[in-house]
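# Survey of secondary and tertiary structure
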Amino acid sequence: MRKNRLRTPERTERRISAFTSLSMCVLTVLAQIATTLLLTHFLREKASYFYAALEFIGAVAAIRVYLRPGSPSYKLVWMCLLLALPVAGMILFCLWGGTHQSKSLSLKKVAPIRERESARMECDNNIARLKRQSPDWGRLASYLQKKGFPLYRNTSAHYFSDGGAFFDDLAERLRQAEVYIFLEYYILAEGQVWDHIFSILKERAAAGVEVCIIFDDFGNLTRLSDDTLQAMQNAGIEVQVFNPVHRYVNRIYFNYRDHRKIAVIDGTTAYTGGINVADEYANLYVRFGHWKDSAVRIDGDGAWGFAVQFIQMWKMMGRTLPNEDDFYRPRHGGAGVGYCQPFTDGPVNNPDNPIEETYIQLMASAKRFLYITTPYYAVEDSMQKALYIAADAGVDVRLLVPAVPDHKLTYLVAETYWGELLRHGVKIYKYTPGFLHAKSVMVDREVALIGSTNMDYRTFQLHYECGVLLYHMPVVEELLEDLDNIMGQSARYTLEEWEKRPWYRRTFASLLRLGAIWL
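Residues numbered from 1 in each chain as written. Predicted model: local features only at pLDDT ≥ 70, side-chain atom pairs only at ≥ 80, totals over all residues. Heavy atoms only, no water.

### Here we look at the overall build of the chain
So the rule is basically this: Only DSSP runs of H or I covering at least 4 residues are called helices, and only runs of E covering at least 2 are called strands; the numbering of each starts at the N terminus. Per-residue accessibility, obtained with a 1.4 Å probe over protein chains only, is compared with the maximum for each type, and a residue is labelled buried under 20%, exposed over 50%, and partly exposed between these values. Here, residues are in contact when the closest pair of their heavy atoms is within 4.5 Å. In short, Shrake-Rupley with a 1.4 Å probe defines the accessible areas, and a residue's cover is counted only from the protein chains shown.
On a plain count of helices and strands, the chain comes out with 17 helices and 17 strands. Burial status across the chain gives 58% buried among its 519 residues. Put simply, of all contacts in the chain between residues at least 6 apart along the chain, 82% involve residues at least 24 apart. Counting every atom, the chain has about 22,400 Å² of accessible surface; 56% of that belongs to carbon and sulfur.

### Let's talk about a nonpolar patch on the surface
Note the threshold: Residues qualify for a patch when their relative accessible area is over 30% and they have no salt bridge, like charges being joined within 9 Å and the nonpolar side chains of Val, Leu, Ile, Met, Phe, Trp and Tyr within 5 Å. When a carboxyl oxygen of Asp or Glu is within 4 Å of a side-chain nitrogen of Lys or Arg, the pair counts as a salt bridge.
There is a patch of nonpolar side chains on the surface, built from V26, L27 and L30 and spanning about 290 Å² of accessible area. Mapping L27 onto the fold places it in helix 1 (residues 8-46).

### Some points on the pattern of salt bridges
Within this structure, the stated rule accounts for 25 salt bridges. Ionic pairing is found between D352 and K147, a salt bridge with its closest N-O pair at 2.5 Å. On the criterion of sequence distance, the pair formed by D352 in the loop between strand 9 (339-345) and helix 11 (354-365) and K147 in the loop between helix 6 (135-146) and strand 1 (155-160) is long-range, its members being 205 residues apart. Put simply, D216 and R257 hold a salt bridge, and the shortest N to O gap is 3.0 Å. Residue D216 is located in strand 3 (residues 210-216), and its partner R257 is located in the loop between strand 4 (238-242) and strand 5 (261-265); the two are separated by 41 residues in the primary sequence. Summarising the burial analysis for this pair, D216 and R257 share the class buried. Counted as one network, the salt bridges with shared partners bring together D169, R173, R297 and D299.

### Overview of helix 12 (residues 381-392)
Rules: To estimate how far a helix should extend, the number of its residues minus one is multiplied by 1.5 Å.
Helix length check: helix 12 (twelve residues) gives 16 Å between terminal C-alpha atoms against 16 Å at 1.5 Å per residue, within 8%. If you check which residues of helix 12 are buried, you get M383, Q384, A386, L387, Y388, A390 and A391. Of the residues flanking the end of helix 12, it is G394, one or two places downstream, whose phi is positive at about 100 degrees.

### Structural notes on the nonpolar core
Here is the rule we go by: The set of buried Ala, Val, Leu, Ile, Met, Phe, Trp, Tyr and Cys residues whose side-chain atoms join them within 4.5 Å is what this entry labels a nonpolar core.
If you look at the biggest cluster of nonpolar residues, it comprises 60 residues, and the most contacted ones within it are L370, Y377, W418 and Y471. For this core, the element with the highest residue contribution is helix 13 (residues 408-423), accounting for eight residues. Beyond its immediate chain neighbours, meaning those up to four positions away, Y471 contacts L130, W137, L140, A141, L151, G338, Y339, Q341, E446 and V447. One finds V308, A448, C466 and V476 within the second-largest nonpolar core, a separate group that totals 51 residues.

### Considering the sheet that holds strand 2 (residues 180-185)
As a general point, the strands of a sheet are linked pairwise by backbone hydrogen bonds and lie either parallel or antiparallel. What counts is decided by this rule: For two strands to be treated as a pair, DSSP must find at least two bridges joining them. The axes used here are C-alpha line fits, helices contributing only the stretch in contact, and every angle between their N-to-C directions lies in the interval 0 to 180 degrees.
Strand order in the open sheet formed by seven strands is 1-8-6-5-2-3-4, and the pairing between neighbours is mixed. In this open sheet, the two edge strands, each paired with only one partner strand, are strand 1 and strand 4. Within this sheet the neighbouring strands show an average axis-to-axis angle of 10 degrees, counted without direction. Relative to strand 5, strand 2 runs antiparallel, the two sharing five bridges. Each residue of the ladder has a partner; that of E184, found in strand 5, is I262. Lying over the sheet, helix 7 (residues 163-175) contacts strand 1, strand 2, strand 5, strand 6 (269-273) and strand 8 (295-300), oriented at roughly 155 degrees with respect to strand 6.

### Re the sheet that holds strand 17 (residues 490-493)
Pairing within the open sheet is mixed, and its eight strands lie in the order 9-16-15-14-10-11-12-17. Both edges of this open sheet fall to strand 9 and strand 17, since each of them pairs with a single strand only. Each strand of the sheet is rotated relative to its neighbour by a mean of 15 degrees, with strand direction disregarded. Bridge analysis of strand 10 (residues 369-373) against strand 11 (residues 396-402) gives five bridges, and the strand direction is parallel. What sits directly across from T373, in strand 11, is L400. On the sheet, helix 15 (residues 475-488) packs against strand 10, strand 11, strand 12 (427-431), strand 14 (440-443), strand 15 (447-451), strand 16 (465-471) and strand 17 and is oriented at approximately 110 degrees with respect to strand 14.

### Things to note about the packing of aromatic side chains
What counts here: Here a pair means two rings of Phe, Tyr or Trp (six-membered ring of Trp) with centres within 6.5 Å. Their orientation is stacked below 30 degrees between planes, edge-to-face above 60, and tilted elsewhere.
One pass over the full model with this rule turns up 24 aromatic pairs. Seen in terms of ring centroids, F182 and F310 are 4.4 Å apart; in terms of plane orientation they differ by 10 degrees. Their pairing is stacked. Taken together, the positions of F182 in strand 2 and F310 in helix 10 (residues 303-316) put the pair 128 residues apart, joining distant regions of the chain. Using a relative accessible area of 0% as the deciding quantity, one classes F182 as buried. Under the relative-accessibility criterion, F310 is labelled buried at 0%. Ring plane angle 20 degrees and centroid distance 5.8 Å describe the contact between F310 and W314, whose orientation is recorded as stacked.

Here's what the structure looks like:
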């Protein structure tokens, strides 16, 4: 139990504040829709010629949406709205930005951190070595390197199959920090885990270690108080809040979140995975049954890849660091077998989405095994097709999902995709002890992807995400062992079960799928 449990008035005040912020966003969106419908009615009744002109413009807008590059699902929703309700659809399209998803959110354009010539040559050599060893993985690594994510060697990795072990290890490494600590998390929730982490951060900051934290505003509306934020600043910790909900209340920009999970210590150690800093991730209290999650620690040259991405985001948010970029480079090299490639993604890249393309390439390159864990599933047809093509080609494709969902509506949407997968031989396992929040991919016992990425539209279109590809590293076997354990605690979901869903569940889920891009 927590030593310093929040008083009831403090909890109530925070919930009221969060409810007020969310209510303002919802009311603003509803007001925009209502105003649009009233204006449409007025124009139809009082200004028929003008209304007809707007109908024509709406039809033209639908054609332009069709021709615009980007997510087919996003385009389909807007095209249906523009064609069914040309005037109302066009007004909402203009208000909400339509399929133009590269919202800047006041983020500045920042030049990439320049790598030393010797480092660039080494990364090019790594690509050449990997291509000789595994042409398919060399092709994937080359694609990501051209997107700005170098391939590293001299890196070791350790896998964590639960939050408790992860937090113990993170705390120990934070205590050893000598130069800096970078933390970027979707959720930093007050509780036992945060109390322990914060005590270490205060001690390190007092010792002269530079501590910088980014956290998402939406993810912490009810989880982190202003008093805690002030305590962090009083301790000498630099804090930046990503996309405050109230800032874009006049638009739907609050959908764009920083969902990354990154910790970097002195440029030589980095963590990523699905675990946020909150008590439920260590099962210190129960939410949706047993909370199953995972993370990975990388030590050596590859950790710098995550440091670069944190620095980039920090600068994009208008902040500066007290030292030049070179100051944050690791002081010593690492060692290890195989290759490591940290990478990130976000709406600023749309319609070019490295994470989505990486998933598809992993599926297309699988020859024997393809195991995936994800808490949510709502994907484009291209990814759905890549999975069942792999299964049809004889690849052992397994999708591991929760049996106890945290968001029931998104779970209903996910079900609508599973029938097609099952018909093509994809095996689906439901983690019966509770909620499976881990995000991972394992291919042919050769490559693993671990990160913050879900398999849904939010990950691929709306969120800033991160992950790391691990090629031919021993940690792949650690992940495989955990996947076997998950399947051992899971129930196999069958096509017969899927087909026996009640008609009202099928109907409601199918309707929800039309709006899956916003769930």
